[in-house]
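Given next are the chains, with one letter for each unit.
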Amino acid sequence: MSCHATGAGAGATATAERPAGTPFVALVGNPNVGKSTLFNALTGAHQCVGNWPGKTVSVAQGDWRTAGGGRPLRVADLPGSYSLLPDSPDEALVRDVLTAPEGERPDAVVFALDAANPARNLYLLSQILDTDIPVVVALTMTDVAARRGASPAPDALARELALPVVRVEGRTGTGLDQLADAVGEALDAAAPLPGRKSAWAAGSPVAAELAELAAAASGQTPHPARWLAVSLLCGERPPAVPAALAERAGAAAGRLAAAAAAAAGVGSTDADLDADLDADIDAELLVAEARYAWAHAVIERAAPRPAGARPTLTDRVDRLLLSRGFGIPFFLAVMWGVFQATTALAKPLQDGLGDFVSGPVSGGADRLLEAVRAPGWLTGLLVDGLINGVGQLLTFVPLMIIMFLLLALLEDSGYFARAAFVADRLMRTLRLPGRAFLPLVVGFGCNVPALAGTRILNRRSHRLLVGLLIPYMSCTARLAVYVMIAGVFFGSNSGTVVFFLYVASVLLVVGMGLILRPLLFRDMKEEPLVLELPPYRLPTLRVTGAQVWQKLAAFLRTAGGIIVATAAGVWLLMAIPAVAGHGGFGKVDVEQSVFGTVTRATAPLVAPAGFGDWHATAALGTGLIAKEGVISTLAQTYSAEEDGDPKLTASLHATFEESSGGHQRAAALAFLVFILAYTPCFATLAAQRAEIGARLTVIGFGIQLAAAWLLAVGVFQIARLVW
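Bear in mind the structure is a predicted one, so any value in this text is a computation, not a measurement.

**Quick notes on the packing of helix 5 (residues 154-161) against helix 11 (residues 283-302)**
Interaxial distance between helix 5 and helix 11 falls to 9 Å at its minimum, and their mutual angle equals 140 degrees. Taken together, the axes of helix 5 and helix 11 are oblique relative to one another. Crossing of helix 5 against helix 11: the hand is right-handed. On the side of helix 5, the interface is formed by Ala156, Leu157, Glu160 and Leu161, while helix 11 contributes Trp294, Val298, Arg301 and Ala302.

What follows is the structure, encoded as structure tokens:
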């Protein structure tokens, strides 16, 4: 896996190959159990994110530098999973990592167990125990479990599991040293601790069949024998399994199902009842029942729930925030508050940075270049191209910080996970599960990781449809354009305009889904939503600050490279005359340059939308490469046209006033809708091709352009009746 480090190590490249002698530890657990928070606490800035070797699933890896000069460990934060019988690419990766051949699988597993919701967690743990990898249990969410009156004591849980159990708190660092000691002892043992328990109690029919099948499977494949036996019983067929072993497993599964059916009453005089029971009973169901029975037995002995336990604060709040009548209005109100606060708080800071870049920075660079007698083309490239373009991007750093901070607070508090439940009914209008809302929400940050997030969806048809819809979600790069244009044309109402665009984004997703589903995915089936909600918590400065810094650093790294390349490319095209006789290189009027000629030729295409001017089409053209280029292109074109004094706000007013025939606000709104609906960037197209294939990517690209044009024209033609 190659990836780029975040935080302090940004810019360094890391690979999956661990240094010789460095133990490899996998961090495993259900979604929303505090696993990633624990990973961040263990690794700090020494981490990277990238695709696992041979997979398209992103995995975070990092160096765990244990206290007191202990041994260095390589840690991988594997995707949250519910089972090693996978329903999604993420779960398939977790299974493949834990059941890899000897020498390639982890040296130890740290299993994050949510003390507040232990049953489902223990189900996954019972599967991991079948792999024979040494396991250390990190007990998380103990404060929440204590408030519910059913917090398992680590000693009691360790006794029931015969595993080391350590209470940890990733937010505060509590228990991390003890966790390191426990992992060190497990690594020194180099094998599972003797006597550790599993779901297969001696004497049960399933345990007997498993023991025989595991003995037969031992040494026949590189997979762990007991895990392989369980998988074969459940109908899975891992690679390189001999046909004779698979037949033996099929026969064992048949015997188990027949015995269970007989015990349940099949063979009675009611033939219909017999048929129903026989159809419902199979070996996979018996294995799952055995695992859950074991999990509940462990909970009963380690953390019996007191009678008459009262609902927690989280339960009471969820009754209101997840209700049908209040859930969606509250979510919309929260998001409106986020956008309104972002635009209002960031504007003074943006204005100050903009004045600094256009004044002292540009002026100083101009005087310095003049003093060293730099050629005119170099002055134009540096001042009109790079400084103006990059400077416009930097003015949005305060906005991004505030936006990322507010979203991180919502995520860290536990509210964002509720959005999937709130949106479940909306998703079902598209026959999508509520969890499909999660990658769509990620799309508000960036469409590229959102497309990778479609792998959490079990059905291929669901992944393909969501992959086509994600580009309509407004990413942070588009947010910068929204804020600038809305600030210029709508003043104090800019926050409301930005909120309207985000609501329009969601409505566009629903509308396009209703159109595409019957056309491309007629046989799509519904799927129930299964999602564990984290408890509400007070965000911590450490975790929130780390999230904001990582997202801001990633945005600046990506946007910075794009802006520099785009600014240089745009300046070069503006420096080349389209026709001989209109000036030499770097001395041509921008409208007579190659760039001006091409963008002027395309301007009539968007004239019905009210912004048929070459400045606007130039910005849309570079915006196809990346939306970060829209602002820098506008700054560059006006700067070059007005001899280094862009006066961007006044120039935009004049341009849209002329192109719209006096309806500049209507034209500005149509321009924003076009930005919302058309292709986000080339990186999104590449990610779409990887996730949904070239054919659907091309179809989606055409639909995006057509939808953007139709919506922009419709908005302008209606809005000009008002403005």
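**Brief notes about the nonpolar core**
Grouped together as the largest cluster of nonpolar side chains are 96 residues, with contacts concentrated most on Ile485, Phe611, Leu634 and Leu652. No other element matches helix 28 (residues 664-677), which puts 12 residues into this core. Residues in contact with Leu652, not counting those within four places in the same chain, are Met484, Ile485, Val488, Phe489, Leu634 and Tyr638. Judged by nonpolar contacts, the second largest core, of 66 residues, contains Leu213, Ala216, Leu232 and Ile299.

**Describing the packing of aromatic side chains**
Counted by the stated rule, this structure contains nine aromatic pairs. Ring centres 4.6 Å apart and planes at 25 degrees place the aromatic pair Tyr123 and Tyr292 in the stacked group. Of this pair, Tyr123 sits in helix 3 (residues 118-129) while Tyr292 sits in helix 11, placing them 169 residues apart in sequence. By way of ring pairs, the aromatic residues Phe489, Phe611, Phe656, Phe671, Phe674 and Tyr678 are connected into one cluster. The ring of Tyr678 has Lys627 lying over it, and the distance from NZ or CZ to the ring centre is 3.8 Å.

**Focus on the side chain of Thr655**
Mapped onto the elements of the fold, Thr655 is located in helix 27 (residues 648-659). Judged by its relative accessible area of 10%, Thr655 is buried. When near neighbours in sequence (up to four residues on either side) are disregarded, Thr655 contacts Asp613, His615 and Tyr638.

**What to know about the pattern of salt bridges**
Going through the model one piece at a time under the given rule, you end up with seven salt bridges. For Asp77, the salt bridge identified is with Lys35, shortest N-O distance 2.6 Å. Linking Asp77 in strand 6 (residues 72-77) with Lys35 in helix 1 (residues 35-43), this pair joins segments that are 42 residues apart in sequence. A salt bridge links Arg95 to Asp96, with the nearest nitrogen and oxygen atoms 2.9 Å apart. Residues participating in the shared-partner salt-bridge network are Asp130, Arg226 and Arg291.

**Remarks on the confidence of the model for the chain**
Residue-level pLDDT values for the chain average 77, and 79% of them are 70 or greater. Confidence scores differ between elements of the chain, with strand 2 (residues 13-14) showing the lowest mean pLDDT of 32 and helix 28 the highest of 94. Scored below 50 in pLDDT, residues 1-16 shows 44 contacts in the model against residues more than four places distant or in partner chains. Segment residues 266-280 is flagged for pLDDT under 50; beyond a separation of four residues in sequence, or across chains, it makes 12 contacts in the model.

**Looking at the packing of helix 27 against helix 28**
Where helix 27 meets helix 28, the axes come as close as 8 Å, and the angle between the chain directions of the two elements is 100 degrees. Between helix 27 and helix 28, the angle falls in the class roughly perpendicular. Here His653, Phe656 and Glu657 of helix 27 lie close against helix 28, whose contacting residues are Gln664, Ala667, Ala668 and Phe671. Its residues assigned to classes, the contact of helix 27 with helix 28 comprises four nonpolar, two polar and one charged.

How each quantity is defined
- Residues numbered from 1 in each chain as written.
- Predicted model: local features only at pLDDT ≥ 70, side-chain atom pairs only at ≥ 80, totals over all residues.
- Heavy atoms only, no water.
- Axes fitted to C-alpha atoms, helices over the stretch in contact; angles between N-to-C directions.
- Helix = DSSP H or I, 4+ residues; strand = E, 2+ residues; numbered from the N terminus.
- Parallel < 35°, antiparallel > 145°, perpendicular 65-115°, else oblique.
- Left-handed = near helix turned anticlockwise from the far one by under 90°.
- Contact = heavy atoms within 4.5 Å.
- Core = buried A, V, L, I, M, F, W, Y, C linked by side-chain atoms within 4.5 Å.
- Buried < 20%, exposed > 50% of the residue type's maximum accessible area, 1.4 Å probe, protein only.
- Phe/Tyr/Trp six-rings, centres within 6.5 Å; stacked < 30°, edge-to-face > 60°.
- Lys NZ or Arg CZ within 6 Å of the ring centre and 35° of its normal.
- Salt bridge = Lys/Arg side-chain N within 4 Å of Asp/Glu carboxyl O.
- pLDDT = per-residue confidence, 0-100.
- Nonpolar A, V, L, I, M, F, W, Y, C, P; charged D, E, K, R; others polar.

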